[in-house]
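Architecture and fold: a report
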Amino acid sequence: MRIMGLDFGSVTVGVAISDELLLTAQGIETIRRKQENQLRKTYQRIEELIQEYGVERIVLGYPKNMNNTIGERALKSEEVAKDLERRTGLPVVLWDERLTTVAAHRVLDQGSVGLKQKMQVVDKLAAVFILQGYLDYLANKKAMEGNKEDE
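Residues numbered from 1 in each chain as written. Predicted model: local features only at pLDDT ≥ 70, side-chain atom pairs only at ≥ 80, totals over all residues. Heavy atoms only, no water.

**Digging into the overall build of the protein**
A count of helices and strands for the protein gives four helices and five strands. Order of helices (α) and strands (β) in the protein, N terminus to C terminus: β-β-β-α-β-α-β-α-α. Taking all 151 residues of the protein together, the buried fraction comes to 37%. Sequence-distant contacts, at least 24 apart, represent 61% of the contacts inside the protein between residues at least 6 apart. About 8,900 Å² of surface is accessible on the protein, with carbon and sulfur atoms providing 50% of the total. (Helix = DSSP H or I, 4+ residues; strand = E, 2+ residues; numbered from the N terminus. Buried < 20%, exposed > 50% of the residue type's maximum accessible area, 1.4 Å probe, protein only. Contact = heavy atoms within 4.5 Å. Areas by Shrake-Rupley, 256 points an atom, 1.4 Å probe, with all protein chains shown as cover.)

Structure, rendered in structure tokens:
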């Protein structure tokens, strides 16, 4: 089983895929579109990647406000999640993505990545952070359940 992570922005979508053991997330690509509401080709590319990698679940970044409220971008993510579930038949998990893009920028800054190159990979790296956070959650949950059985 593999899981896909998405950082769904207004004109770009960062895509990450887990390994089959659900341990690590790898950045795959950044899907670009000319306008925010032109989603047909974006969804088509996501569906192609789902088939190519044998994805069984999608984790979609959920951009809550820093005070934990739901703003316009988070509402848009909820719509995208429904669209993806309907189109792919896969479960879509909304995952709190606060500060993932900031973290991606910091990592790229520390690596002395140029601005042009940074803009090409920042969304893909943010998708990796989203998916890795979810994978770590699954691993911790599994470990906690195992500890309860040991008692």
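**Let's talk about the pattern of salt bridges**
The tally for this structure, following the rule as stated, stands at five salt bridges. Note that Glu-48 is salt-bridged to Arg-45, the shortest N-O span being 3.0 Å. With Glu-48 and Arg-45 both in helix α1 (residues 40-53) and three residues apart, the pair spans about one turn of that helix. Look at Arg-45 and you get partly exposed, because its relative accessible area is 24%. Note that Glu-47 and Arg-87 form a salt bridge whose closest N and O atoms lie 2.9 Å from each other. Here Glu-47 is found in helix α1, whereas its partner Arg-87 is found in helix α2 (residues 72-88), with 40 residues between them in sequence. (Salt bridge = Lys/Arg side-chain N within 4 Å of Asp/Glu carboxyl O.)

**Regarding unusual backbone geometry**
Within the chain, Leu-22 stands out as a residue other than glycine whose phi angle is a positive 60 degrees. The topology assignment puts Leu-22 in the loop between β2 (12-18) and β3 (25-32).

**Some words on the nonpolar core**
In globular proteins that are soluble, nonpolar side chains generally tend to be buried together. Membership of the largest hydrophobic core comes to 20 residues, with the highest contact counts inside it found for Met-4, Leu-6, Phe-8, Ile-46 and Leu-84. Listed by contribution, the elements that provide at least two residues to this core are β1 (2-8), β2, α1, β4 (55-62) and α2. In this structure Ile-46 touches Met-4, Leu-6, Phe-8, Ile-31 and Leu-84, once residues within four positions along its chain are discounted. (Core = buried A, V, L, I, M, F, W, Y, C linked by side-chain atoms within 4.5 Å.)

**A few points about the confidence of the model for the protein**
The share of residues in the protein with pLDDT of 70 or more is 81%, and the mean pLDDT across the chain is 86. For the protein, helix α3 (residues 100-110) is the element with the lowest average pLDDT, namely 61, and β4 is the one with the highest, namely 97. (pLDDT = per-residue confidence, 0-100.)

**Digging into the sheet that holds β2**
Taken in spatial order, the five strands make up an open sheet running β3-β2-β1-β4-β5, and their pairing is mixed. Each edge of the sheet is formed by a strand with only one pairing partner; in this case those strands are β3 and β5 (92-96). In this sheet, adjacent strand axes meet at a mean angle of 25 degrees when their direction is disregarded. Relative to β3, β2 is paired through seven bridges, and the arrangement is antiparallel. Bridged to Ile-17 within β3 is Gln-26. Along the sheet face, α1 touches β1, β2, β3 and β4 and points at about 160 degrees away from the line of β1. Each of β1, β4 and β5 is contacted by α2, which is oriented at about 170 degrees to β4, the strand it contacts most. (Pairing = 2+ DSSP bridges. Axes fitted to C-alpha atoms, helices over the stretch in contact; angles between N-to-C directions.)

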